[in-house]
Amino acid sequence: MNELAKDTPADHEPIFQDLSRFRVEPGFRGRSGLVVLAWQIVQDTLFAWSPQPAYGWRRFLLRLFGAEVGTGVVIRPTARVTYPWKVKLGNHCWIGDHTELYSLGPITIGNNAVVSQKSYLCAGSHDPSDMTFPLTNPPVVVEDEAWIATDCFLAPGVTVGRGAIVAARSTVRTDIPPGTVAAGTPATVRKMRERPTRGLAGAARP
């Protein structure tokens, strides 16, 4: 007989996690429930329905709800931000289509950093050692000039160092050192990133 089955009480009482006891700690969201609801409505309408070139409008909406947004930030209308007041976007960073900034905890994206389409930055999890399955919110940091390529997952608590590249469809579970190229699931460093030799005299953004 399966050992787990032998240990499970006949009345099916939980032995790993009891979601009936789950509660969100006061202040965890960082704003009241009404503000959270207001942002969800704005994100699903005024933000998501805005034309693609309306970057200034989306920057305004994020700032209105407490995000720190630098100059020249490019964020697509299909990007999703859970709690903007926990997000910091550096100057001239790019946030691609269908990216998810799951900002239960702080998410920082540095100057000139790129988070490409369909990537998921996850600053939230649960504590499986506690029967009540409480939320946790370790921060996620993408430092200046890093590039998170398409369809990557960044786990809670990771930092991608300055100028690092994370290759497409990688899963990042540990910190990525600055100036490296990482790939795979889990992502591991494959080589150092070479410094550009072209476009050093103020080339325009493509």
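Just so we're clear, the structure is a prediction, and the values are computed from it rather than from any experiment. (Residues numbered from 1 in each chain as written. Predicted model: local features only at pLDDT ≥ 70, side-chain atom pairs only at ≥ 80, totals over all residues. Heavy atoms only, no water.)

Draft legend 1. Expanded view of unusual backbone geometry. A cis amide bond links threonine 185 to the next residue, proline 186, at an omega of 0°. The backbone phi angle of lysine 118 is positive, close to 70°, even though this residue is not glycine. Within the secondary structure layout, lysine 118 lies in the loop between strand S8 (114-115) and strand S9 (120-122). Of note, aspartate 151 is a non-glycine position whose phi angle comes to about 65°, a positive value. Mapped onto the secondary structure, aspartate 151 falls in the loop between strand S13 (147-148) and strand S14 (153-154). For aspartate 151, a relative accessible area of 31% translates into the label partly exposed. (Helix = DSSP H or I, 4+ residues; strand = E, 2+ residues; numbered from the N terminus. Buried < 20%, exposed > 50% of the residue type's maximum accessible area, 1.4 Å probe, protein only.)

Draft legend 2. Here's a closer look at the nonpolar core. Ranked by size, the top nonpolar core spans 43 residues in total, and within it Leu62, Leu89, Ile109, Leu121 and Leu154 carry the most contacts. Mapped by element, the contributors of at least two residues to this core are helix H2 (33-47), helix H3 (55-64), strand S4 (87-89), strand S7 (107-109) and strand S12 (140-142). Counting residues per element, this core draws most heavily on H2, which supplies four residues. If sequence neighbours within four positions are ignored, leucine 154 has contacts with Tyr120, Leu121, Cys122, Val140, Val142, Ile148, Val160 and Val172. (Core = buried A, V, L, I, M, F, W, Y, C linked by side-chain atoms within 4.5 Å. Contact = heavy atoms within 4.5 Å.)

Draft legend 3. Layout of the packing of H2 against H3. Their axes nearest at 11 Å, the elements H2 and H3 cross at an angle of 175°. Here H2 lies roughly antiparallel to H3, going by the angle between them. Contact residues: H2 offers Trp39, Val42, Leu46 and Phe47, while H3 offers Trp57, Arg58, Leu61 and Leu62. The residue inventory of the contact of H2 with H3, partitioned by class, reads seven nonpolar, no polar and one charged. (Axes fitted to C-alpha atoms, helices over the stretch in contact; angles between N-to-C directions. Parallel < 35°, antiparallel > 145°, perpendicular 65-115°, else oblique. Nonpolar A, V, L, I, M, F, W, Y, C, P; charged D, E, K, R; others polar.)

Draft legend 4. Inspection of the environment of arginine 76 at higher detail. Structurally, arginine 76 is set in the loop between strand S2 (74-75) and strand S3 (80-81). By relative accessible area, arginine 76 is classed as partly exposed at 23%. When the C-alpha atoms of arginine 76 and leucine 104 are compared, they prove to be 21 Å apart, with 28 residues separating the residues in sequence. Setting aside its immediate chain neighbours within four residues, arginine 76 contacts Phe47, Gln52, Tyr55, Arg58, Ile95, Gly96 and Asp97. Here tyrosine 55 takes part through its side chain, which lies 2.9 Å from a polar atom of the side chain of arginine 76. (Polar contact = N/O pair within 3.5 Å; in protein donor to acceptor, adjacent residues only side chain to side chain.)

Draft legend 5. Up close: the side chain of serine 50. Within the secondary structure layout, serine 50 lies in the loop between H2 and H3. On the accessibility criterion, serine 50 (9% relative accessible area) is buried. Within polar-contact distance, the side chain of serine 50 engages the backbone oxygen of phenylalanine 47 at 2.6 Å. A distance of 2.7 Å separates polar atoms of two side chains, one belonging to serine 50 and the other to arginine 58. When neighbours within four sequence positions are excluded, serine 50 is seen to be in contact with Thr45, Trp57, Arg58 and Pro77.

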